[in-house]
Amino acid sequence: MKVLKKTLLLAAIGSSLFATAASAEQVNLTWQMWTGSETDTKSWQHLAEMVTAKYPDIKVTLTTTGWVDYWTRLPVLAASGQLADIVSMQSLRMPNFYSLLEPLNDRIEADKFDVGAFTPSIIGGMSVDKQLYGLPYDVGPWVIYYNQDALEAAGVPLPKPGWTLAEFTDAAKKLTKDGKYGFGITPTNYSVLAAAWGDKYVNDAGELDLTSASAVAAADRMIGFAAKDKIAPLVPSGGADPGDVVQGRFNSGNVAMYIDGPWSIIGMKDQAKFKIGLTTLPRDEGELSAVTAGSGFGISTSSKNKDAAWKAIQVLTSPEALTYLAEGGRALPARTAAQSAWYKVAAKDITNGGEAIDYSLAHSVPYVITNNWAAVENLFNQYFPPAFAGSADAKQTMESIQSLAQQ
């Protein structure tokens, strides 16, 4: 009998030890992310290690691909059931892929997670129908980059945040001379500028509406920069990416101003041989509405470790993680408290860099897009260049794009 009791006691102890070991068993999470360089990859790997440092029982295995390949592979991985536990997502692509991600509102409410610590516009950008699908790590308002040397040589005052469309146009005209242009325009700048001017290109039902009076008026203004005012050079309608062409012309000193986001500052510093400045998008008669975009991390609906993944993405977007990325110049943090660290590195030596970003964020709105936005932008790239050259007016251009986008 004593032997039996001893055996049962040992079995109970062993069972208890096994249960303890099981509860502390390591969880292996996978994380898919895009990367543009070895330095980028090291930054993401550091964040993965930060998760394990806080939660020793969670290990995050990072898998990276290039930007274009990432979005090509994502639907393939989803269809084959091979999505990672943690899926990186850009706000502009959220409407196309949110169904792959776990809604986070219930977890946020249960943990009293403070979404108010993030810039509001990027929380909106990572949401669909008021449901948040990813925690953001960066945010970027579109702004105007300018060649300070060119402006000073032309006697143009350095633009202040909140400047008007009339002030912008006047400056661009003075900068257009000797084969150089005041402004570089791309077809996909349409929606960014339309939003800044308060013109709607998507109706209240979330449907593309490019033929409304407001949408056509915005197109007419933008087309006029090239076709009427001649302050912007023509861009190709096929082959080379218009954005790359315009950015190259800016870096070479051929255009004095162009539209881009804060993510381009680090690379531009190495290419431009002149003093760079930033200001806001030009507003029309009302207040500026500066559209923003950004990226973050969500939990795949197919993950078998959603609780652990929730812990992990909180670390990946923590103040410590975002300050680390900011100090490396990698991203303008989505957390407002961490943004000063980015200014000290990336915006250093950029005239009015901090002021332009601050003003834009204070007047920022989510970038409104439709589910077929990639196709819409392809149509912009196809139909706006001929209009810039004077071959079609704004109404014809917008009617063509609207019709084809609905097919």
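Preceding this paragraph is the structure being described.
Remember, it's a predicted structure, so these values are computed and weren't measured experimentally. (Residues numbered from 1 in each chain as written. Predicted model: local features only at pLDDT ≥ 70, side-chain atom pairs only at ≥ 80, totals over all residues. Heavy atoms only, no water.)

J.: Just to check I follow, could you spell out the layout of surface pockets for this structure?
T.: Empty space among the atoms becomes visible once a probe the size of a water molecule is rolled across them. A volume near 790 Å³ is recorded for the second largest pocket. Taken together, 31 residues form the lining of the second largest pocket, with Val202, Gly206, Tyr367, Val368 and Ile369 sitting closest to its centre. In terms of residue class, the lining of the second largest pocket is built from 15 nonpolar, eleven polar and five charged. (1 Å grid on protein atoms, 1.4 Å probe; cavity = no way out; pocket = protein on both sides within 12 Å on 5 of 7 lines; lining within 4 Å. Points joined across faces, edges and corners; volume = space filled by probe spheres on them. Nonpolar A, V, L, I, M, F, W, Y, C, P; charged D, E, K, R; others polar.)

J.: When you look at the packing of aromatic side chains in this model, what are you seeing that I'm missing?
T.: We describe a pair of aromatic rings using the distance from one ring centre to the other and the angle between the two ring planes. The tally for this structure, following the rule as stated, stands at 33 aromatic pairs. Residues Phe113 and Phe118 carry aromatic rings whose centres are separated by 6.2 Å and whose planes lie at 35° to one another, so their mutual orientation is tilted. Accessibility assignment for this pair places Phe113 and Phe118 in one class, buried. Taken together through their ring pairs, the aromatic side chains of Trp142, Tyr190, Tyr201, Trp263, Tyr367, Trp373, Phe380, Phe384 and Phe388 make up a single cluster. (Phe/Tyr/Trp six-rings, centres within 6.5 Å; stacked < 30°, edge-to-face > 60°. Buried < 20%, exposed > 50% of the residue type's maximum accessible area, 1.4 Å probe, protein only.)

J.: Please clarify how empty space enclosed by the protein should be interpreted in this entry.
T.: The final tally for this structure, using the stated rule, is one cavity of 30 Å³ or more. Around the largest cavity, the lining residues are Gln32, Met33, Thr63, Thr64, Thr65, Tyr70, Arg73, Leu74 and Leu77. Contributions of two or more residues to the lining of the largest cavity are made by strand E1 (27-34), strand E2 (58-65) and helix H3 (67-79). Across the lining of the largest cavity, the residue classes break down as four nonpolar, four polar and one charged. (Helix = DSSP H or I, 4+ residues; strand = E, 2+ residues; numbered from the N terminus.)

J.: Would you mind going over the pairing of strand E8 (residues 143-147) with me for this structure?
T.: The side chains of a regular strand alternate, residue by residue, between the two faces of the sheet. Counting buried residues along E8, five of its five residues qualify, which places the element largely inside the surrounding structure. Along E8, one buried face is formed by Val143, Tyr145 and Asn147 and the opposite face, lined by Ile144 and Tyr146, is buried too. Here four bridges tie E8 to strand E9 (residues 257-260), and the two strands are oriented antiparallel to one another. The partner of Tyr146 across the bridge, within E9, is Met257. Alignment of E8 against strand E10 (residues 276-279), held across four bridges, turns out to be antiparallel. Across the sheet, Asn147 pairs through a bridge with Ile276, a residue of E10. (Pairing = 2+ DSSP bridges.)

J.: Sorry, what's going on with the pattern of salt bridges here?
T.: A side chain of one charge can pair with a side chain of the opposite charge if their charged atoms are brought near each other. The final tally for this structure, using the stated rule, is eight salt bridges. Across the pair Asp204 and Lys200 runs a salt bridge, and its minimum N-O distance is 3.4 Å. Across the salt bridge formed by Glu399 and Lys395, the nearest N and O atoms sit 2.5 Å from each other. Note that Glu399 and Lys395 are positioned in helix H18 (residues 394-405) at a spacing of four residues, about one turn of the helix. The network of salt bridges with common partners includes Asp199, Arg221 and Asp284. (Salt bridge = Lys/Arg side-chain N within 4 Å of Asp/Glu carboxyl O.)

J.: Just to check I follow, could you spell out the nonpolar core for this structure?
T.: It is characteristic of soluble globular proteins that their nonpolar side chains tend to be buried jointly. One finds Trp31, Tyr190, Phe225, Met257 and Phe384 to be the most contacted residues of the largest nonpolar core, which totals 133 residues. Per-element tally for this core: the top contributor is helix H10 (residues 213-227), with eight residues. Shared between two domains, this core holds at least three residues of each, these being domain 1 (25-138 + 292-344) and domain 2 (139-289 + 351-404). (Core = buried A, V, L, I, M, F, W, Y, C linked by side-chain atoms within 4.5 Å. Domains from an automatic or database assignment.)

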